[in-house]
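Read off the chains here:
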Amino acid sequence: MLRLTSFRARIFWSLVPIFFALFVLLGVVDLYQQGQLAEEEVAKRAQSMAENLAYSSRLAVLTEDKSLLNAALQSVTGVADFAYVSIYGERWTPLINAKRKQIESGLIESELTEEYRNKLSQSTESLIKTYTRGTERYVEFMAPITSIQSSLPYELQIASGDQTIAESTKEPQTIGAVRLALSMTRVDAQRASFLKWRGSSLVVFLCLSTIVIYIFSVKITRPINRLTEQAKRMSRGYLNEEIPADSGDEIGQLATAFNEMARALNNQYLVLERKVAERTKELTKVNEKLAETSEHKSRFLANVNHELRTPLSSIIGYARLMQRETEGQISSLQRENLEDLLGNAERLLGMIDSLLDLAKIEAGKMDVNVGLVRIDELIQGAASSIEPMLNKQYVSFIRDIPPNMAPLYSDPEKLRQIVLNLLENAVKFTDFGEIKISVSQANGNFKLAVADSGIGVAQADLKNIFEEFERGRITHDGNYRGTGLGLAIVKRLVDVLGGSVVVDSAVGRGSTFTVTLPVNLDKTGPV
Ligand SMILES: Nc1ncnc2c1ncn2[C@@H]1O[C@H](COP(=O)(O)OP(=O)(O)OP(=O)(O)O)[C@@H](O)[C@H]1O
Ligand SMILES: [Mg+2]
């Protein structure tokens, strides 16, 4: 409920210790003051009792009359808190003493100490002392008993002219002392009960104030929590719920601003939803159209296969048969025409095959058969296929295959077609210089590069030569035959094998096509 990080907990835990410290401080000060007052009260009482007794017992001390002394003591022995009393006469001899029953006698029988005697003989002031004996505390007063000498009859006679003057000129003389002690037990008991009462009221007060602080912190933080809760709900999509913003304070204003923001957000959301619905509708329509087109395309390709490839294969077969069987029977012009026919028919068949391959890849009907690729054999095979087209007089063909390459696991048939298509292009677009095929492996990747010193690709064409039927600037150049499908097939096959292909080329300088494939397609899995 009170997580230490929450705002509520911070309010709570910052107020409780302040209140606690305040109450304790007030309690201690109060207790000290009460104790002081009570002690002063007892001390004052003891002082006035001692001084009164000192005054009233003057005659009894002078005469040392027991009954007079007893009578003087009667005035103090019955008083509340009374502990003990002693009256000392001349030369500090104890004349009489009395004590409360429970008091141990050692306390009063003691003679006056030297220190007391000196102090009493030098001054007529009372002496006070507070001390503890056993568990009890006492406040003790020592009041000197003074007498003025003029009270003697013969002196009165001498001074008969002006008695007052005579008395006032005489120094009061200390003729004894009263020692009176009151017990502080009642004061201490009062203080203890006060402490108990104060302690329990402090605990009750603290509990109450803790509850009040808690309620206060809940009251302060509730609107904030409500705001947070609502913000969470909004983030879950409940945008049309409003936070009550009835309090006119800052939190109320915050809630109003929040509601406005939510409303604006909701409106935006509705607009967005409507737009998405519209677009989805449009997309669905387009999709349907696309599916229809794709259906047409598939049907068209099936027809191409059936209506074009099959008869074309027969034409090529018959033409070859004719070529063989008419050996030596037809003129050289007729033979040339027959060879032209065969060449064109074969190119047409190649083009149809490329189209069908592409269609198959796009339809996702291409199976990936992962196996160990013998890259040197594969390159050897591809090289011998393109060699007849290579103008060996002006163009040299270089193979760079490191001897100890780790085995490559991929689809050998697809890789063969990739190499073949790239080599075909290199041969087709290079009239002199060299063609170099190189392979390497690094960081789990297999790299194959086909570099040539041919005509190069124009900067503007680089981005689209991998698209179907894109042939760039040479489109209308009769010298370079082709349909623009070779690189499109390379790109699709490389994608299927989980790799990538890039080209680096400049017009007149040559081109380098680099294919990167995973070394082990089994681990990566076909894409
Ligand atoms: N090695 C290269 N040197 C220069 N240009 C190239 C090279 N390879 C490809 N190109 C350019 O990219 C175009 C597309 O190549 P792609 O192999 O797709 O088609 P093509 O060779 O023209 O026809 P096809 O391969 O279908 O017989 C080419 O027409 C050519 O302009
Ligand atoms: Mg090509």
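Residues numbered from 1 in each chain as written. Chains lettered and ligands numbered in written order. Predicted model: local features only at pLDDT ≥ 70, side-chain atom pairs only at ≥ 80, totals over all residues. Heavy atoms only, no water.

Participant: Any chance you could explain the overall build of the protein here in plain terms?
Facilitator: The helix and strand inventory of the protein stands at 14 helices and 12 strands. Principal-axis analysis of the C-alpha atoms places the extent of the protein at approximately 200 × 60 × 45 Å. Relative to its full complement of 527 residues, the protein shows a buried share of 34%. Sequence separation of 24 or more characterises 68% of the internal contacts of the protein that already satisfy a separation of 6 or more. A distance of 3 Å separates the average location of the 60 positive side-chain charges in the protein from that of its 64 negative side-chain charges. (Helix = DSSP H or I, 4+ residues; strand = E, 2+ residues; numbered from the N terminus. Buried < 20%, exposed > 50% of the residue type's maximum accessible area, 1.4 Å probe, protein only. Contact = heavy atoms within 4.5 Å. Lys, Arg positive; Asp, Glu negative; His and termini not counted. Charge placed at Lys NZ, Arg CZ, Asp CG, Glu CD.)

Participant: So what exactly am I meant to see when it comes to the site of ligand 1 here?
Facilitator: Within the structure, ligand 1 sits among 20 residues, and Asn425, Asp452, Arg471, Thr483 and Leu487 are positioned closest to it. The contact in question runs from an oxygen atom of ligand 1 to an N or O atom on the backbone of Gly484, over 3.0 Å. Here ligand 1 loses 92% of its free accessible area of 590 Å² to cover by the protein chains. Judged by the proximity of its atoms to the pocket grid, ligand 1 belongs to the largest pocket. Broken down by secondary-structure element, the contributors of at least two residues to the shell around ligand 1 are α12 (412–428), α13 (486–496) and β12 (510–518). At three residues, the largest contribution of residues to the shell around ligand 1 is made by α12. The residue makeup of the shell around ligand 1, split by class, is nine nonpolar, seven polar and four charged. (Near = heavy atom within 4 Å. Polar contact = N/O pair within 3.5 Å; in protein donor to acceptor, adjacent residues only side chain to side chain. Areas by Shrake-Rupley, 256 points an atom, 1.4 Å probe, with all protein chains shown as cover. 1 Å grid on protein atoms, 1.4 Å probe; cavity = no way out; pocket = protein on both sides within 12 Å on 5 of 7 lines; lining within 4 Å. Sits in = over half its atoms within 2 Å of the grid points. Nonpolar A, V, L, I, M, F, W, Y, C, P; charged D, E, K, R; others polar.)

Participant: How should the pairing of strand β11 (residues 500–506) be read in this particular structure?
Facilitator: The side chains of a regular strand alternate, first on one face of the sheet and then on the other. Here seven bridges tie β11 to β12, and the two strands are oriented antiparallel to one another. Pairing of Ala506 across the sheet is with Gly510, part of β12. Here β11 folds back onto β12, and the loop between the two strands holds three residues, one of which, Gly508, carries a positive phi near 80°. (Pairing = 2+ DSSP bridges.)

Participant: Looking at this model, I keep getting lost on the sheet that holds strand β2 (residues 94–99). Mind explaining?
Facilitator: Two strands in a sheet stick together by hydrogen bonds in their backbones, pointing the same way (parallel) or opposite ways (antiparallel). A sheet is described by the order of its strands in space; here five strands give the open sequence β2-β1-β5-β4-β3, paired in antiparallel fashion. Looking at strand neighbours, the two that pair on one side only are β2 and β3 (127–133), the edges of this open sheet. The mean inter-strand angle of the sheet, taken between neighbouring strand axes irrespective of direction, is 15°. Note: strand β4 (residues 136–147) against strand β5 (residues 173–183), 10 bridges, orientation antiparallel. Residue pairing for β5: Val139 is matched across the bridge by Leu182. Lying on the sheet, helix α1 (residues 7–56) is in contact with β1 (82–88), β3, β4 and β5; it crosses β4 at an angle near 30°. Strands in contact with helix α3 (residues 66–77) are β1, β2 and β5; relative to β2, the strand with the most contacts, it is inclined by about 35°. (Axes fitted to C-alpha atoms, helices over the stretch in contact; angles between N-to-C directions.)

Participant: How do you make sense of the sheet that holds strand β7 (residues 395–400) when you look at a structure like this?
Facilitator: Ordered in space as β7-β9-β10-β12-β11, the five strands form an open sheet in which the pairing is mixed. Each having just a single partner strand, β7 and β11 make up the two edges of the open sheet. Each strand of the sheet is rotated relative to its neighbour by a mean of 10°, with strand direction disregarded. For strand β9 (residues 433–442) and strand β10 (residues 445–452), the ladder comprises eight bridges, and the chain directions are antiparallel. The partner of Ile437 across the bridge, within β10, is Val450. The strands touched by helix α11 (residues 375–386) are β7, β9 and β10; relative to β7, the strand with the most contacts, the crossing angle is about 170°. Packing against the sheet, α12 makes contact with β7, β9, β10 and β12, and its axis sits at approximately 20° to β10.

Participant: What is the right way to look at the pattern of salt bridges in this model?
Facilitator: Counting across every chain of the model gives 17 salt bridges. Of the charged contacts in the structure, one is a salt bridge between Arg309 and Asp353, with a shortest N-O distance of 2.5 Å. Of this pair, Arg309 sits in helix α9 (residues 250–325) while Asp353 sits in helix α10 (residues 332–362), and the two are 44 residues apart along the sequence. Residue Arg309 is classed as partly exposed on the basis of its relative accessible area of 27%. Note that Glu346 is salt-bridged to Arg320, the shortest N-O span being 2.2 Å. Taken together, the positions of Glu346 in helix α10 and Arg320 in helix α9 put the pair 26 residues apart, joining distant regions of the chain. One network of salt bridges, in which partners are shared, links Glu39, Arg137, Asp188 and Arg191. (Salt bridge = Lys/Arg side-chain N within 4 Å of Asp/Glu carboxyl O.)

Participant: Could you clarify how one ought to interpret α12 in this entry?
Facilitator: In an α-helix, one turn spans 3.6 residues; hence positions three or four apart end up facing the same way. An ideal rise of 1.5 Å per residue puts 24 Å on 17 residues; α12 measures up with 24 Å between its terminal C-alpha atoms. Near the N-terminus of α12, the side chain that reaches the backbone nitrogen of Glu413, with its oxygen 3.2 Å away, is that of Asp411. (Expected span 1.5 Å × (residues − 1).)

Participant: It is not clear to me how the layout of surface pockets should be interpreted in this structure. Could you clarify?
Facilitator: Regions of empty space are outlined by a rolling probe, equal in size to a water molecule, passed over the atoms. For the largest pocket, the calculated volume is near 1300 Å³. For the largest pocket, the lining is made up of 47 residues, of which Glu424, Asn425, Lys428, Arg481 and Gly482 are closest to its centre. Of all the secondary structure elements, the ones that give two or more residues to the lining of the largest pocket are α10, α12, β10, α13 and β12. Here the lining of the largest pocket gets 11 residues from one element, more than from any other, and that element is α12. In terms of domain composition, the lining of the largest pocket takes at least three residues from each of domain 2 (239–365) and domain 3 (368–526). (Points joined across faces, edges and corners; volume = space filled by probe spheres on them. Domains from an automatic or database assignment.)

Participant: I would appreciate a short explanation of α10 in the present structure.
Facilitator: If you check α10, its first and last C-alpha atoms are 45 Å apart, about what 31 residues at 1.5 Å a residue would give, namely 45 Å. Along α10, the positions that sit buried rather than exposed are Arg335, Leu338, Leu342, Ala345, Leu349, Ile352, Leu356, Asp357, Leu358, Ala359 and Ile361. If you follow the buried residues of α10, they end up packed against α9, α12 and α13. Looking at the residues trailing α10, positive phi occurs at Gly364, about 70°.

Participant: Help me out: how do you make sense of the environment of Met184 in this one?
Facilitator: Tracing the backbone through its elements, the reader meets Met184 in the loop between β5 and α8 (185–235). By relative accessible area, which is 2% here, Met184 ends up buried. It is 9.2 Å that separates the C-alpha atoms of Met184 and Ala38, two residues lying 146 residues apart in sequence. Excluding residues that lie within four positions of it along the chain, Met184 makes contacts with Glu39, Val42, Thr130, Arg137, Tyr138 and Val139.

Nothing here speaks to function; it is geometry throughout.
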